[in-house]
Structures are given as C-alpha cells and as structure tokens.
Amino acid sequence: MNLLRFAAALALGLVLLLGFWLATYYLLFSALSPEGQTLLQKALYERVPALLLLVLLLVGVLGLMLQPLFLGYLAASRALAREAEVILEANPKHRLRLKGPWELRELGQLINRLAERHEAREEELKARIEAAKRTLLEERNRLAALLGQLPQGVILANRLGQVVLYNPIAKGFLPGLALGKSLYGLLDRHLLVHALEAPGLPFRLEDFRLQALKLEEAGGGFVLMLTQPEAEQDLGALFRQLRARTGALRSLAEVLPRVPPAEQGPFLALLRQEAERLAELLRQEEAPRREAQSLKALALALARALEDRLGFAPGLDVSEETYVAVDRAALLQALGPLAREAEGFYIQGRPWKGLARLELFPVAQVPPAFLQAVSQQGGEAWLEGERLVLLLPSLAEPPAPASRAGERPPTFDLRLLEPPDRELLQRPLRSLLYTAFDLETTGLDPERDSIIAIGAVRLLGDRLLEESFEALADPGRPIPIAATQIHDLTWEDLQGKPRLEEVLPQFYRFQEETLLLAHNGAFDLAFLQKAGQRQGLAFRGPLLDTLLLGQVLFPEAPSHSLEALCTRFGVPVLGRHTALGDTLMTAEVFCRMLPLLEGRGLVTLGQTLEAMGKTPLARLRYA
C-alpha cells in the first residue's frame, strides 16, 4: 500500500514536470520565426530516443532518492499516530519518543504537552470517580457483609442459568461455582426446572436442600437458596423416636388390662421405663439451642438491648478470654424491666472459679422469666443488693471459627444479568467472559514435554474478577536445566505435588464456558490439547492472543513481547516467567487493549479473530 502511494506521488510529480516542460516548449516555440520553429521541431524529432532515455533516467534517480524519505516520513507519521492513540485510550502516562523530521518532532512535542494536560484532567476526573466509587463500595460492602453472614448459600442467576452472584456458603455447597457458569451444568437440569416451576418449595439433594425463587423484574432471572439438611434430618429422627416410644406405650396399654394383677409388675416397670424415655426425649427437644460465643459478645448484646430501655449505653468491663455456650436470644427476650431509673448502668464480666460471672447493676427487680432462662442455660442468677449476678458454664477452649465466614466476600457482576442473545462471534468483546492463562513446561515440544505449572484468572470484558486458579504438577522426571533457567522450577520443587492427571481436570472445569486468553497462546494451547487428549478433555478455541493483538495494533513496533506490551501500556512487570504472574500481566494488557481495538472498528469477537488471522505471526503453529 505504501509503495502504491509512493508510485502515485511520483507519477503526479512527473506529470507536473512534464507540464512544465510542455509549457516552456510552447512559449519558446511561439517566440520563434517560422524557420526557427521548423528547426526546433526537427531537432526534437531527431533526439526523441535520447529524451525518453533521459526522462526514464530522471524517474529512476528521483525514485531512488525520494523513496526512503517518502516511506520513512509515512512510517514516522503512522508511528506517531499509534503512540498518540496509546496516550488517549490506554496509558495517559505514556509519552512520544521524538524522532523523524523536525516538523514531526515539533508535533510530537505538542502532543506530549497536550498529554500532560490530559493526564492532569484525567487525575482530577479519577479523583472524583474514586470518591463516587467509595460511596458505591460502602453499599457493596454492606451487601457483601449481609450475604456473607447469611447461614444459607445464595446464588443469583440470569434467565439462561448463568451465575451472576454467589456467597461463600454457596461456593462450599458447589465447589465448581463461578461467575458466568451455567447452573444447568452444576445441578441436575430436571431438578432445577422442577424447582423453578414450584418457587419456594424445598427440594432435597444429597448434600443440601434447594429452594428457587423467580425474579421477573430481573429479566427472567432467579435466586437459589441452599441450606444444610441437618435440621430436617434431626426433626425426622425425633419424629421416628417419638413414634417408637408412643407405639411401645400404646402396646403396653393394650396388653396390661389382660394381664392378671399379680403378674403386672414387669409390665408396669416397662411402662415406667418407656414413659421416662419419652419424657427425656421431650426434655432434650425443649432444651435451648446454645451458641458458643465470648462473654464480651454476650455482654455487648445485653447492653444494646438495655440501651433501648435506658436511653443511654451501659458501661462495659468484660474479659475477652472467657467463652460461654448460651441461647442468647432466649436471654434477651426475657430481659424485661431489669434496670431501674439511674444516671448510669454497668455490666462487668470475668472468669470465676471455672465459670463465667456477669454482674449487672443497679437492678431494681429480676423478672422470673429471666431467672428461668438463665436456669435453662445451666446457670444461676441472684441479687446481691442492687447487683444482679449471673454464673454461666464456661467453655474449656474458644469455639472453632464458623466455616460460613468464607475467605472472601460474595462474588458478583451484575452485567451478567443481561444474557446475550447473539451468536458468539457477533458478541462485543466487552460482554464476553474470559479465562486468561499461562503454562510453565519442561520444554518446547508438546509431544515429549510436560506441563508443570498452570496459572489462570477470569475476566468479564475489561474487569478482572476475584477468581483465580494456580497449581503445580509433578512431571515425574527431572526438568532440563534450560527450562529451569527460565521459570526457576526444579524437580525437587515439584516432587510431592499432584500429577498433571489430577490438576488438568480441575483447570478444565475452571475454564469451561469461557474464552481462552493468552500471550503466544498457540504454544500454550498446543500443550493443553495434547495433554487433554490423553485424559479425554477437549480444550477448544477460539483463543485470543495478546501477541497477535499487539501486532494488529502496532504493526511497526520492533517487539510484541509481553514485556514490551507491558511497558507500552504502563503495566508493572511482576512475577515474570511464573504462570500466575504472566497471566495477570496478560489480563491487564488485554484490558488496556480493548479501547484501542474498538477504535480500529474491532468491536466483536468475529472481527477481532479475523484481524488476528491476517497477521504474519498467526501462521505460527506448535504441533
């Protein structure tokens, strides 16, 4: 294309030069006498071959002299435009390197000055956005705290069954849960359909109980609630025991009238035994459900309940190292009018002779219901003047942390509430779910060498999600020194790690229903496909490759390596040649590339794959 433009420019120059010559000839010819005109025509006709040769020679010399200047000017102008686009769309801190003709250097200086002002405006706008984000983050944290403390697993899905939100409890029930995953692949499809047809009705599964609720206002989405079935199982067991005891009593009642009085002794003893068993069973069911907690937490709950009655907060002086197991709700419900009108109220707590001692003062009277509630907890309560003393059994050791706390807040992205209706290739890049990944291997040959490390993260459009995968695999043989020099992994580091046969299926489940994203992905995908064939796992495309995308965006750049792209886009180079480190850099680079791709008209997946396929590097294959 550049050569055609140069040829067109050269032809235009020759036309102008020929026009100048013809004009000069016409003026000279008009000024001559008829004899002179005849002589001039004769002289020109005799020298036509020499003139044509001179013209061709002139064209060749001009072409050789002007081609480097012309093409170099075009290349410098195009490179200037590419670098300015990076400043505008991806990295405001990037600056142009001043080179080429003086007018382009002067233009570059002007663009750099504009970039500085643009960066200042961006920082100001960023500060305002951060302030707004903090407000939204507070609301998100409230939602996360609420969902994180729920005793049930909560899953929000769009109308196609793709996961939009889930909390840690739900992840515990369904380990394969991830944003964008289809619930129809994680749960029995028929059961899920039945649950949606009967909203609110519980359905029993092997490990949990499921309830569904349709959300018409959310575009046809739905919510799943997952709960432990223990309580239901306990109730069933209680019912069976009650039925057995009452059945025994009924049988004895039917038999006893027909037994002579002298022989009724054993039957009466058996009747008393069954009656005592039934009474004990009922006492156990009526016993309060106790929750392990610190004495300070119990005192704080009592203080908050009393604050509503007193109009001020009671003073607290409680040891944090004492733990009790009580039904806090029963105690709070039975509080009643404990405190009399006074200027202050105090709660003190401390260990005392292997028990937990709480003192509340000043107290006017103690409601009988409160004394009964304390007694049901296995404790005692009495008044010493105006002090109410509570003694509660203490725990020998602190309770284990609840498993439902989770390691992270609920995971969600509400953009997934709007499921796509278009074919995959027609969908915008920003609407797609990606798995960025990288491998470390024992060599370069997918047939002979093995995968020893996998790192992956998930993205939704240009947002990096809080879902990652990282695993090492024991290759079962020594690693060549050349490979170790790249990734610093030795066989000694990997001995005792799971084999690839165990790790690869886990990664396969992690990347299901997403697009793969990698740098120099042809290499990594070849290893995945070879290893997957041995285990019946089909790793398919399409694959987005930041190496090829770099060549699409910057065809004149001398390097499209991951380090070069990170430098261009302002992405810190951290953890290079580690699977997860390279993965995170690839994901960040791709996020910065998206606005540039859209600026080139590459909005959909199909358009982007077509542009990637036209690059020279796309012909590279690892077989």
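Relevant structure appears above.
In this text the structure is predicted, and so the values were computed from the model without any measurement. (Residues numbered from 1 in each chain as written. Predicted model: local features only at pLDDT ≥ 70, side-chain atom pairs only at ≥ 80, totals over all residues. Heavy atoms only, no water.)

Caption draft 1: Local environment of the sheet that holds strand β10 (residues 355–361). Strand order across the open sheet formed by five strands is β7-β9-β10-β12-β11, with mixed pairing between neighbours. Unpaired on one side and paired on the other, β7 (315–318) and β11 (380–384) mark the two borders of the sheet. Across the sheet, the mean angle separating the axes of adjacent strands is 15 degrees when strand polarity is ignored. Relative to strand β9 (residues 346–352), β7 runs parallel, the two sharing four bridges. Bridge assignment links Gly 315 to a residue of β9, and that residue is Tyr 346. Contacting β11 and β12 (387–393), helix α12 (residues 368–376) runs over the sheet at an angle of about 25 degrees to β12. (Pairing = 2+ DSSP bridges. Helix = DSSP H or I, 4+ residues; strand = E, 2+ residues; numbered from the N terminus. Axes fitted to C-alpha atoms, helices over the stretch in contact; angles between N-to-C directions. Contact = heavy atoms within 4.5 Å.)

Caption draft 2: Expanded view of the packing of aromatic side chains. Scanning the entire structure with this criterion turns up ten aromatic pairs. Measuring from ring centre to ring centre gives 5.3 Å for Phe 173 and Phe 208, while their planes differ by 50 degrees; the resulting arrangement is tilted. Here Phe 173 is found in helix α5 (residues 168–173), whereas its partner Phe 208 is found in the loop between β3 (203–204) and β4 (209–215), with 35 residues between them in sequence. Taken individually, Phe 173 and Phe 208 each receive the classification buried, so the pair is uniform in this respect. Ring centres of Tyr 434 and Phe 590 lie 5.0 Å apart, and the angle between their planes is 65 degrees; on these two criteria the pair is classed as edge-to-face. One end of the pair, Tyr 434, is in strand β14 (residues 433–441); the other, Phe 590, is in helix α19 (residues 579–599), and 156 residues separate them in sequence. Side by side, Tyr 434 and Phe 590 carry an identical accessibility label, which is buried. (Phe/Tyr/Trp six-rings, centres within 6.5 Å; stacked < 30°, edge-to-face > 60°. Buried < 20%, exposed > 50% of the residue type's maximum accessible area, 1.4 Å probe, protein only.)

Caption draft 3: Just the sheet that holds strand β15 (residues 451–460), in detail. Spatially, β16-β15-β14-β17-β18 is the arrangement adopted by the five strands of the open sheet, whose pairing is mixed. Each having just a single partner strand, β16 (463–472) and β18 (543–545) make up the two edges of the open sheet. The mean angle between the axes of side-by-side strands here comes to 25 degrees, regardless of whether they run parallel or antiparallel. As defined by bridge partners, β14 adjoins strand β17 (residues 515–518) across three bridges and the pair is classed as parallel. Bridge assignment links Thr 435 to a residue of β17, and that residue is Leu 516. Against the sheet, α19 engages β14, β15, β16, β17 and β18, with an angle of about 30 degrees to β15.

Caption draft 4: Main features of unusual backbone geometry. In this model, Phe 361 is joined to Pro 362 through a cis peptide bond whose omega is -5 degrees. Looking at the element boundaries, Pro 362 is found in the loop between β10 and α12.

Caption draft 5: View of the nonpolar core. Core analysis: the largest hydrophobic core is formed by 37 residues, its most contacted members being Leu 429, Tyr 434, Leu 459, Leu 544, Phe 569 and Met 593. Looking at this core, the elements with two or more residues in it are β14, β15, β17, α17 (546–553), α18 (562–569), α19 and α20 (605–613). Looking at which element gives the most residues to this core, the answer is α19, with ten residues. With residues near it in sequence (within four places) discarded, Met 593 still touches Thr 546, Leu 549, Gly 550, Leu 553, Leu 565 and Phe 569. Ala 157, Tyr 166, Leu 187 and Ala 212 belong to the second largest nonpolar core, which has 27 residues in total. (Core = buried A, V, L, I, M, F, W, Y, C linked by side-chain atoms within 4.5 Å.)

Caption draft 6: Summary view of the pairing of strand β5 (residues 221–227). Burial within β5 is extensive, with six of its seven residues counted as buried. The pairing of β4 with β5 spans seven bridges and is antiparallel. Residue Leu 215 lies in a different strand from β5, and its bridge partner there is Gly 221.

Caption draft 7: Up close: helix α2 (residues 34–46). For α2, built from 13 residues, the straight-helix expectation of 18 Å at 1.5 Å per residue is met to within 8% by its first-to-last C-alpha distance of 19 Å. All of the buried residues along α2 are Gly 36, Gln 37 and Leu 40. What you see down the axis of α2 is that its buried residues fit within an arc of 100 degrees, all on one side. The exposed set on the far side of α2, more than 90 degrees from its buried face, consists of Pro 34, Glu 35, Thr 38, Leu 39, Lys 42, Tyr 45 and Glu 46. (Expected span 1.5 Å × (residues − 1). Arc of directions from axis to C-beta.)

Caption draft 8: How the structure looks around the packing of α17 against α20. Where α17 contacts α20, the axes come no closer than 9 Å and their chain directions differ by 80 degrees. Here α20 runs roughly perpendicular to α17, going by the angle between their axes. Contacts between α17 and α20 pair Leu 548, Leu 549 and Val 552 from the former with Thr 608, Ala 611 and Met 612 from the latter. Classifying every residue of the contact of α17 with α20 by side-chain character gives five nonpolar, one polar and no charged. (Parallel < 35°, antiparallel > 145°, perpendicular 65-115°, else oblique. Nonpolar A, V, L, I, M, F, W, Y, C, P; charged D, E, K, R; others polar.)

Caption draft 9: Seen up close, the side chain of Lys 181. Looking at the secondary structure, you find Lys 181 in the loop between α5 and α6 (183–186). The residues touching Lys 181, leaving out its near neighbours within four places in the chain, are Gly 161, Gln 162, Val 163, Gly 176, Leu 186, Arg 458, Arg 509, Phe 510, Glu 512 and Glu 513.

Caption draft 10: The arrangement of the pattern of salt bridges in detail. Applying the stated criterion to the full structure yields twelve salt bridges. In this structure, Glu 384 and Arg 357 form a salt bridge, with 3.9 Å as the shortest nitrogen-oxygen distance. With Glu 384 in strand β11 and Arg 357 in strand β10, the pair connects residues that are 27 residues apart, well separated along the chain. Glu 384 gets classed as partly exposed once you look at its relative accessible area, which sits at 40%. Overlapping salt bridges, with partners in common, bring together Arg 350, Arg 357, Glu 359, Glu 384 and Arg 387 in one network. (Salt bridge = Lys/Arg side-chain N within 4 Å of Asp/Glu carboxyl O.)

Caption draft 11: Structural view of the environment of Thr 608. Here Thr 608 is to be found in helix α20. Overall, the relative accessible area of 1% leaves Thr 608 in the buried class. Note: C-alpha distance between Thr 608 and Leu 549 (59 residues apart in sequence) is 8.3 Å. What Thr 608 contacts, discounting residues up to four positions off in sequence, is Leu 429, Leu 544, Leu 549 and Leu 602. A polar contact of 2.9 Å, which involves the side chain of Thr 608, links it to the backbone oxygen of Thr 604. (Polar contact = N/O pair within 3.5 Å; in protein donor to acceptor, adjacent residues only side chain to side chain.)

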